[in-house]
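So the chains spell out like this:
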Amino acid sequence: MNHVSEITKIRRRVLIEVARLQWENRLLKDIDDLPEKLVQQHDQRYRCCEYKEKAIYAERIKLAMGLTLKEEYHKKPLSELAKKALEFPVGPDYQVEVIDIACDSCPINKFFVSNACRNCLIHSCQQVCPRGAISIVQNQAYIDQNKCVECGLCKKSCRFGAILEIHRPCEQACGVGAIKSGENRISNIDHNKCVDCGACITSCPFGAISDRAQILKTINMLQTNEKVVALVAPAIVGQFGRKVSLNAIIEALQKMGFSQVVEVALGADLVAVAEGAEFLRRVPHEIEYLTSSCCPAFVKLIEKHHPNIKENMSTYVSPMLAAANLLKEQDPNTKVVFIGPCVAKKGEAMHDEGVDTVITFEELAALLVAKGINVSEFDGAGIETKDASALGQGFASTGGVSMALLNSLPKDKQDELNYIKAEGVHQCNEELNNFEKNLEKANYLEGMACEGGCLGGPGTLSDQRITSRLLKDLCRDNEVKQPLDNPVVQEVLVRHPRYLHRNKD
Amino acid sequence: MKKVRIELCVGTSCHMLGSADLSLVVDLLQQEYEEQVEVGYCTCLGACAKGPNVKVNGKVLSEVTPEKLKTEVVNILSA
Ligand code: FES
């Protein structure tokens, strides 16, 4: 469900306009006029007044320039902040932020009596309420919110289903309880808990949650560096519509200034084989089960919420870091831009020199549009993609990691792998709990923080019902099926370089 | 029999602003009105900033939403 809502359009227009100013080197000169321009562009009003809209645009512009929304940046002219942004500050570890003035402070009264209440004779709701919070007012049950403890018994007891449970969309989307309503009921993210999966970004109907973009630095590198490599996640297939092939996208990337385009799936091949060997080495002798470590939000979920089982996580880096470090090993002067569907990758890349910037597919599209490059006009003729195997490309979809791992094991060892997969932070959390309590018989857990895997990531442009079909076709047509058939894998794993390990010493 | 010719812009700018949602509506319209609705695709209609854009019987419509497109087509067919 990737319906492009009005909110999504607003976010994308901001990204396009900021990118345009940067491509044309007029960010400092013209950024102060941008909120006005954006408000005038569209006659539709979303907020109470133009001033509020402009203020919200200014916040979105800050994020698009890669700045956090911290207090000290409030009320500063955008041009002054742009100067800061052009120094490309690293910023805090977390990626997801609430735009306070855009948050609608959605009601937090969790239980609520609807008009379906018939003022029946048994008043079961009133009977079950442990706090005496329910009375009958004007022929309807009424919940005194000061007394209510949100236990939900009244809802369960009502035979008409007349009591509704209302959630804030962001709170409901969050799988780790990191969002609570704070001061003035504005949403507040607890960054000690947040794993940067980005589920709340897509859930908020007011577009009040977003992440910082790294588009300014990316454009700057493309303008000033000779060798900038685009490292594209396999989920890129179909992101520019069903009619635009992977090769066409690659051609467009080259046109935009990338000297080379490499599939991250190459790194997936490396990881699949290395992790397969790790599985055989460690399970069951050293640990009872192994978990994947390719999804950065899943890694954070374990580190922050299940620290007891950190030992069970694969010791290998993600496909992104494996591929990026391989590129830097070949030429240390290379700049690497990771392009994917993922918000959490932005944080992951901050701690490794392999990747210089991370942009999402959405941000990539903004860079292209701002530069006047129309991907649908390319056909990709003459471009060949031969970096990775079909199973490596399959990492993008839920279950793909397990499939690649299984097929990387020697035939006679394959029945030792008993895997289970979890998708979405809620499900990952549940499974991790089961593993922690020894309730799970499987000995391998594939964890993907987004539903559907990377194809369902917050930075995607296309509906995963379409992209999953296209990914299948891509894998089907790839002649190299197995990670082990990839010659680069053989070469690298013999050397087994240090950068393949999360803990580099 | 009245006919409608729809040309959907699938250029990058329009794609970013939601042309895939329109393509779903077009599929539905085609199912419903069959050969009365003829569909084509194009890569740019020259109004990128106002996307998504669609050409309906030769006229370019801008900032098209799924609802807007459906109403436009149904109106023409039932006029
Ligand atoms: S891309 Fe659709 S009008 Fe230009």
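Rules and cut-offs
- Residues numbered from 1 in each chain as written.
- Chains lettered and ligands numbered in written order.
- Predicted model: local features only at pLDDT ≥ 70, side-chain atom pairs only at ≥ 80, totals over all residues.
- Heavy atoms only, no water.
- Patch = residues over 30% accessible without salt bridge, like charges linked within 9 Å, V, L, I, M, F, W, Y side chains within 5 Å.
- Areas by Shrake-Rupley, 256 points an atom, 1.4 Å probe, with all protein chains shown as cover.
- Salt bridge = Lys/Arg side-chain N within 4 Å of Asp/Glu carboxyl O.
- Helix = DSSP H or I, 4+ residues; strand = E, 2+ residues; numbered from the N terminus.
- Buried < 20%, exposed > 50% of the residue type's maximum accessible area, 1.4 Å probe, protein only.
- Pairing = 2+ DSSP bridges.
- Right-handed = clockwise from strand over helix to strand, strands pointing away.
- Domains from an automatic or database assignment.
- Buried area = accessible area lost by both parts, 1.4 Å probe.
- Polar contact = N/O pair within 3.5 Å; in protein donor to acceptor, adjacent residues only side chain to side chain.
- Nonpolar A, V, L, I, M, F, W, Y, C, P; charged D, E, K, R; others polar.
- Arc of directions from axis to C-beta.
- Contact = heavy atoms within 4.5 Å.
- Axes fitted to C-alpha atoms, helices over the stretch in contact; angles between N-to-C directions.
- Parallel < 35°, antiparallel > 145°, perpendicular 65-115°, else oblique.
- Left-handed = near helix turned anticlockwise from the far one by under 90°.
- Core = buried A, V, L, I, M, F, W, Y, C linked by side-chain atoms within 4.5 Å.

1. Quick look at a nonpolar patch on the surface
All names here are of chain A.
And step 1. A cluster of nonpolar side chains, Phe 112, Leu 164 and Ile 166, forms an exposed patch at the surface whose accessible area comes to about 230 Å².
And step 2. For Leu 164, the position within the fold is in strand 5 (residues 163-165).
And step 3. The class for Leu 164 is partly exposed, based on a relative accessible area of 37%.

2. Here we look at the pairing of strand 12 (residues 335-340) of chain A
All names here are of chain A.
And step 1. By the criterion of burial, strand 12 is predominantly enclosed, with five of the six residues buried.
And step 2. As defined by bridge partners, strand 9 (residues 228-232) adjoins strand 12 across five bridges and the pair is classed as parallel. Following the sheet pairing, Val 228 is matched in strand 12 by Lys 335.
And step 3. Pairing between strand 12 and strand 13 (residues 357-360): four bridges, direction parallel. Paired with Val 337 across the strands is Thr 357, a residue of strand 13.
And step 4. The handedness of the strand 12 to strand 13 crossover, carried by helix 15 (residues 344-350), is right-handed.

3. Quick look at the domain arrangement of chain A
Residues and elements named next belong to chain A.
And step 1. Domains assigned within chain A are domain 1 (6-105 + 182-215), domain 2 (111-165) and domain 3 (225-500).
And step 2. Together domain 1 and domain 3 conceal approximately 2400 Å² of surface at their shared face, both sides included; 60% is due to carbon and sulfur atoms.
And step 3. When residues of domain 1 are sorted by the area they lose upon contact with domain 3, Trp 23, Val 195 and Gln 214 head the list and together hold 29% of the total.
And step 4. One can count four salt bridges joining domain 1 with domain 3.
And step 5. A salt bridge links Lys 300 to Asp 196, with the shortest nitrogen-to-oxygen separation between them at 3.1 Å.
And step 6. At the junction of domain 1 and domain 3, the tally comes to twelve residue pairs in polar contact (both at pLDDT 80 or more).
And step 7. The element contributing the most residues to the side of domain 1 that touches domain 3 is helix 1 (residues 6-23), with eight residues.
And step 8. Among the residues forming the side of domain 1 that touches domain 3, the class breakdown is 13 nonpolar, seven polar and eight charged.

4. So, unusual backbone geometry
Residues and elements named next belong to chain A.
And step 1. Of note, the amide linkage connecting Val 283 to Pro 284 takes the cis form, showing an omega dihedral of 0°.
And step 2. Within the secondary structure layout, Pro 284 lies in the loop between helix 12 (265-282) and strand 11 (290-291).
And step 3. In this model, Asp 196 sits at a positive phi of 65°, which is unusual for a non-glycine residue.
And step 4. Among the structural elements, Asp 196 can be located in the loop between strand 7 (187-189) and helix 9 (199-203).
And step 5. With phi around 60°, Asn 438 is a residue other than glycine that occupies positive phi space.
And step 6. Note that Asn 438 resides in the loop between helix 19 (425-436) and strand 15 (444-448).

5. Section: helix 3 (residues 34-41) of chain A
All names here are of chain A.
And step 1. Listed as buried for helix 3 are Leu 34, Pro 35, Leu 38, Val 39 and Gln 41. All buried residues of helix 3 lie within an arc of 160° about the axis, which places them on one face of the element.
And step 2. Buried residues belonging to helix 3 abut helix 1, helix 2 (27-30), helix 4 (50-64) and helix 5 (78-85).

6. A short note on the interface of chain B and chain A
And step 1. Each partner contributes to the interface: chain B provides 20 residues, whereas chain A provides 26 residues.
And step 2. Carbon and sulfur atoms supply 55% of the area buried between chain B and chain A, which totals about 1800 Å² over both sides.
And step 3. Of all residues in chain B, B:Thr12, B:His15 and B:Met16 bury the most surface against chain A, accounting for 39% of the area lost on that side.
And step 4. Connecting chain B to chain A are one salt bridge.
And step 5. B:Asp27 is the salt-bridge partner of A:Arg242, the closest N and O atoms lying 3.6 Å from each other.
And step 6. Connecting chain B to chain A are eight residue pairs in polar contact (both at pLDDT 80 or more).
And step 7. Looking at the side of chain B that touches chain A, the elements with two or more residues in it are helix 1 (12-16) and helix 2 (19-33) of chain B.
And step 8. Top element by residues in the side of chain B that touches chain A is helix 1 of chain B. It accounts for four residues.
And step 9. Split by residue class, the side of chain B that touches chain A holds eight nonpolar, eight polar and four charged.

7. Observations regarding the packing of helix 3 of chain A against helix 4 of chain A
Residues and elements named next belong to chain A.
And step 1. Contact geometry for helix 3 and helix 4: axes closest at 9 Å, N-to-C directions at 120°. As the angle between them shows, helix 3 and helix 4 are arranged oblique. Seen from above, helix 3 lies across helix 4 with right-handed handedness. For the pair helix 3 and helix 4, contact is made by Leu 34, Pro 35, Glu 36, Leu 38, Val 39 and Gln 40 and by Glu 50, Glu 53, Lys 54, Tyr 57 and Ile 61, respectively.
And step 2. When grouped by side-chain class, the residues that make up the contact of helix 3 with helix 4 number six nonpolar, one polar and four charged.

8. What to know about the nonpolar core
All names here are of chain A.
And step 1. One finds Val 18, Met 65 and Ile 339 to be the most contacted residues of the largest nonpolar core, which totals 100 residues.
And step 2. Counting only domains with at least three residues in this core, you end up with domain 1 (6-105 + 182-215) and domain 3 (225-500).
And step 3. Beyond its immediate stretch of four places on either side in the chain, Ile 339 contacts Ala 230, Leu 231, Val 232, Ala 233, Leu 253, Phe 258, Ile 359, Thr 360, Phe 361 and Leu 364.
And step 4. Judged by nonpolar contacts, the second largest core, of 60 residues, contains Val 98, Phe 298, Leu 417 and Leu 432.

9. Quick word on the side chain of A:Asp352
All names here are of chain A.
And step 1. Its location among the elements puts Asp 352 in the loop between helix 15 and strand 13.
And step 2. Judged by relative accessible area, which is 8%, Asp 352 ranks as buried.
And step 3. At 3.3 Å, the side chain of Asp 352 and the side chain of Asn 325 are in polar contact.

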